[in-house]
Amino acid sequence: MAQVTLSSVKKVYAGGVEAVKGVSFDIPDGGFCVLVGPSGCGKSTLLRMVAGLETISSGEVSISGRVVNQIEPADRDIAMVFQNYALYPHMSVYDNMAYGLRNRGTPKDEIEKRVKEAARILAIEGLLERRPRQLSGGQRQRVAMGRAIVRKPQVFLFDEPLSNLDAKLRVQMRVEIKKLQRALGVTAIYVTHDQVEAMTLSDKLVVMNGGQVEQIGVPAEVYRKPASRFVATFIGSPPMNLLPAAIDGPGIVALGDALLEARDLKQNLASGTKVEVGLRPEDIEIASEGQAGALPFDVEFIEELGATQLFHGKLAGQPFVMQAATGDVAAEARRLWISVDPDRVHVFDAQSGIRLGRE
Amino acid sequence: MVENRRFGDIVAYIILTIGVLIVAFPVWLTFVASTWDAATIINGQLPLYPGPHFFENYYRILFVGTSGSTREPVAVMMFNSFVMALAIAFGKILISVLSAYAVVYYRFPFRMAAFWIIFVTLMLPVEVRIFPTFKVVSDLGMLDTYQGLAVPLIASATGTLLFRQFFMTIPDELLEASKIDGAGPFKFFKDTVVPLSLTTIAALFVIQFIYGWNQYLWPLLVTTKDSMQTIVIGIRKMITTADALTEWQLAMATAMLAMLPPVFVVIAMQRLFVKGLVETEK
């Protein structure tokens, strides 16, 4: 029903700046799509175009098969949750939630029913008479969600809704947003710069950079097979190690003197082609000296994270980080021998940064 | 330390008391003078305590007028001043809220030019443009009318500037949330901008009411009939009488009466007023 389709959507500002350079994808009914990317990548602009708060320079946005380019935000059947909540400071929580319905001429008892229902779902029934300034950040966030829910829209739009909350509350609200969206079955588009939020919430992840889409896919796929160097370093924490290397043969890259097998490497690459090898800190395994394919890693210092430890050091003369469960490696270790599952070796073109994988 | 602090308190109180006395003594003297008869004041021996003629003097000045045959009672003058001050305050608020809303929230050709033209009128208060303004008002036949008293004083940029600065602090997200909530420009204005501006509006009301109430030069020019004169003009006319003794007790009573409405307005709106001038929380 509420499928959202974007085709070649562009945004060019008056000064000629291209904020969004032709983006196409679609979100199935009930899907949770997260747009993720660094600041200025155009993700918020894209969301605002879907909302109708920015005009669309070219291309089309359609919601449930209806092109909405020229339709007012109020008539697009969407609801939006803003980063700073954008609650009306002079209205009570109840009025904040009821305002949009009143403007639509919804009957009074229907408004009351819906607001009470939303308040019950969000556990803010006791706050209905309060003003926004009397609420904590988390409560304001709930009210903002309530304002979206009562509308019963076809699409929820979230513009970095959790970035004003403290870390603990953010995790909690993240779970609640996901649960709520599942329960209501409403299509959602969610903008964030936080890759953890992006991974956990989405069932369709759109990674953006410089106004363009770098990769679209389910989170696991984006994580396992990043389409470019940018995606590889952006998704995953701590970020993927990137090391300059060269092709040594089919499925083999040379990392300095050491050879590394990469199972997903594209065929027919000339030996000596300059590439970059990407290894995730969490994919590194401890090997023993002399084991086939083991690489020497010189540890410089260790960061304690509790359950895991981060080992910072040098591999083949390059800065390198590996992650290991606490206790797996002796704390005084100075030189480690490591290996990587050939399925988890990522190879990118040295120039373009595009993944050199099998099709 | 305790001794020191107490000593500091005492000094502070002494200084404040002196300040209050300096401000309050003339007011007290005015009040005292308004409660004696003319003879006591004229002989130069005004007591420092109120006399027995309070009700007599105030009744006479409010409802009868001074002895000069053409003088109106002060009640009429107060009414005139009141109408004028209210018209100026409300008119100015209305015009400046609307113009500031247009300048901040609408994109139209020459928007900034319009704003700068409004801004430049700050340099042209009534006193500077008094002759052309008088000419316009008289050609429009507005001499001796309330609109002639109020309209030229309504036109000024201070309110527009104040509201423009205030509106720019209202987050854009509120406008966007309103759009999504289905509120058009007028609804956004009525439901969000005006309620948020209430304290600013109250502050401007206080300032403009007092400004209007205290006007002297303009009412002096555009009112010729006694029945249209304002209380401030009335006081001056009472004091300069060519052919009779100035009835000081009545002039002082009028001065007391002239002071009251601004005081009431300030007291009534004090809390909103202060909030409007210092409020930063949005």
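Residues numbered from 1 in each chain as written. Chains lettered and ligands numbered in written order. Predicted model: local features only at pLDDT ≥ 70, side-chain atom pairs only at ≥ 80, totals over all residues. Heavy atoms only, no water.

Draft legend 1. Structural detail: the overall build of chain A. Summing up its helical and strand segments, chain A has 8 helices and 20 strands in all. With 359 residues in all, chain A has 52% of them scored as buried. Counting contacts in chain A only where the partners sit at least 6 residues apart, residues at least 24 apart contribute 65% of the total. Carbon and sulfur atoms make up 49% of the accessible area of chain A, which amounts to about 15900 Å² in all. Chain A carries 42 positive and 43 negative side-chain charges, and their two centres are separated by 8 Å. (Helix = DSSP H or I, 4+ residues; strand = E, 2+ residues; numbered from the N terminus. Buried < 20%, exposed > 50% of the residue type's maximum accessible area, 1.4 Å probe, protein only. Contact = heavy atoms within 4.5 Å. Areas by Shrake-Rupley, 256 points an atom, 1.4 Å probe, with all protein chains shown as cover. Lys, Arg positive; Asp, Glu negative; His and termini not counted. Charge placed at Lys NZ, Arg CZ, Asp CG, Glu CD.)

Draft legend 2. Geometry of the pattern of salt bridges. Inspection of the entire model under this criterion finds 24 salt bridges over all chains. Linking Glu 54 of chain A and Lys 11 of chain A is a salt bridge whose minimum nitrogen-to-oxygen distance equals 3.5 Å. Linking Glu 54 of chain A in the loop between helix H1 (43–51) and strand E4 (58–63) with Lys 11 of chain A in strand E1 (residues 4–12), this pair joins segments that are 43 residues apart in sequence. Taken individually, Glu 54 of chain A and Lys 11 of chain A each receive the classification buried, so the pair is uniform in this respect. Here Arg 142 of chain A makes a salt bridge to Glu 176 of chain A, at a shortest N to O gap of 3.1 Å. Taken together, the residues span a long stretch of sequence, with Arg 142 of chain A in helix H4 (residues 137–150) and Glu 176 of chain A in helix H5 (residues 167–184) at a distance of 34 residues. Relative accessible area serves as the criterion here: at 26%, Glu 176 of chain A is assigned to the partly exposed category. What emerges from the salt-bridge pattern is a single network uniting Lys 11, Arg 48 and Glu 54 of chain A together with Glu 176 of chain B. (Salt bridge = Lys/Arg side-chain N within 4 Å of Asp/Glu carboxyl O.)

Draft legend 3. Quick peek at the layout of surface pockets. Residue and element names in this part refer to chain B. Counted as a void, the largest pocket has a volume near 670 Å³. Forming the walls of the largest pocket are 31 residues, and the residues nearest its centre are Tyr 105, Leu 175, Glu 176, Lys 179 and Phe 188. Every element with two or more residues in the lining of the largest pocket is listed here: helix H4 (74–105), helix H5 (111–120), helix H8 (158–168), helix H9 (172–180) and helix H10 (185–213). Considering each element in turn, the lining of the largest pocket owes the most residues, 5 residues, to H9. Its residues placed into classes, the lining of the largest pocket shows 16 nonpolar, 4 polar and 11 charged. (1 Å grid on protein atoms, 1.4 Å probe; cavity = no way out; pocket = protein on both sides within 12 Å on 5 of 7 lines; lining within 4 Å. Points joined across faces, edges and corners; volume = space filled by probe spheres on them. Nonpolar A, V, L, I, M, F, W, Y, C, P; charged D, E, K, R; others polar.)

Draft legend 4. Seen up close, the sheet that holds strand E6 (residues 78–81) of chain A. Residues and elements named next belong to chain A. Pairing is mixed across the open sheet formed by 6 strands, whose spatial order is E6-E7-E8-E3-E9-E10. Where the open sheet ends on each side, the last strands, each with one partner, are E6 and strand E10 (212–217). Looking at each pair of strands side by side, their axes are set apart by 15° on average, direction ignored. Pairing analysis gives 4 bridges linking strand E3 (residues 32–36) to strand E9 (residues 204–209), with the strands arranged parallel. Note on E9: the bridge partner recorded for Val 34 is Leu 205. Across the sheet, H4 touches E6 and strand E7 (155–159), and the angle it forms with E6 is around 175°. (Pairing = 2+ DSSP bridges. Axes fitted to C-alpha atoms, helices over the stretch in contact; angles between N-to-C directions.)

Draft legend 5. A look at the pairing of E6 of chain A. All names here are of chain A. Alternating residues of E6 divide into Ile 78 and Met 80 and Ala 79 and Val 81, and every residue in both groups is buried. As paired strands, E6 and E7 are joined by 4 bridges and run parallel to one another. Looking at E7, one finds that Ile 78 is bridged to Val 155.

Draft legend 6. Quick look at the packing of aromatic side chains. Going through the model one piece at a time under the given rule, you end up with 30 aromatic pairs over all chains. Where Phe 156 of chain A meets Phe 158 of chain A, the ring centres are 5.9 Å apart and the plane angle is 55°; that geometry is what we call tilted. Judged by its relative accessible area of 4%, Phe 156 of chain A falls in the buried class. Judged by its relative accessible area of 4%, Phe 158 of chain A falls in the buried class. Their ring planes at 55° and their centres at 5.4 Å tell us that Phe 90 of chain B and Phe 205 of chain B sit as a pair that is tilted. Here the residue Phe 90 of chain B occupies a position in helix H4, and Phe 205 of chain B occupies one in helix H10, the gap between them amounting to 115 residues. Among the aromatic residues, ring-to-ring pairing joins Tyr 101, Tyr 105, Tyr 106, Phe 163, Phe 166, Phe 167, Phe 188 and Phe 189 of chain B into one connected group. The lysine or arginine in question, Arg 280 of chain A, covers the ring of Tyr 223 of chain A, its NZ or CZ lying 4.2 Å from the ring centre. Lying over the aromatic face of Tyr 211 of chain B, Lys 92 of chain B brings its terminal NZ or CZ to 5.4 Å of the ring centre. (Phe/Tyr/Trp six-rings, centres within 6.5 Å; stacked < 30°, edge-to-face > 60°. Lys NZ or Arg CZ within 6 Å of the ring centre and 35° of its normal.)

Draft legend 7. Examining a nonpolar patch on the surface more closely. On the surface, Ile 10, Ile 14, Ile 18, Ile 22 and Val 23 of chain B cluster together into a nonpolar patch covering about 500 Å² of accessible area. A relative accessible area of 61% places Val 23 of chain B in the exposed class. (Patch = residues over 30% accessible without salt bridge, like charges linked within 9 Å, V, L, I, M, F, W, Y side chains within 5 Å.)

Draft legend 8. Representation of the domain arrangement of chain A within the structure. Residue and element names in this part refer to chain A. Looking at chain A, the domain boundaries give domain 1 (4–233) and domain 2 (238–349). Centre-to-centre separation of domain 1 and domain 2, based on C-alpha positions: 38 Å. Contact with domain 1, which involves 9 residues of that partner, is made by 10 residues of domain 2. Summed over both partners, the interface of domain 1 with domain 2 buries about 820 Å², with 54% contributed by carbon and sulfur atoms. The interface formed by domain 1 and domain 2 holds 2 salt bridges in total. Here Glu 276 and Arg 229 are joined by a salt bridge, their closest N and O atoms 2.3 Å apart. Inspection of the domain 1/domain 2 interface yields 3 residue pairs in polar contact (both at pLDDT 80 or more). Elements supplying a minimum of two residues to the side of domain 1 that touches domain 2: helix H7 (219–224) and helix H8 (229–234). (Domains from an automatic or database assignment. Buried area = accessible area lost by both parts, 1.4 Å probe. Polar contact = N/O pair within 3.5 Å; in protein donor to acceptor, adjacent residues only side chain to side chain.)

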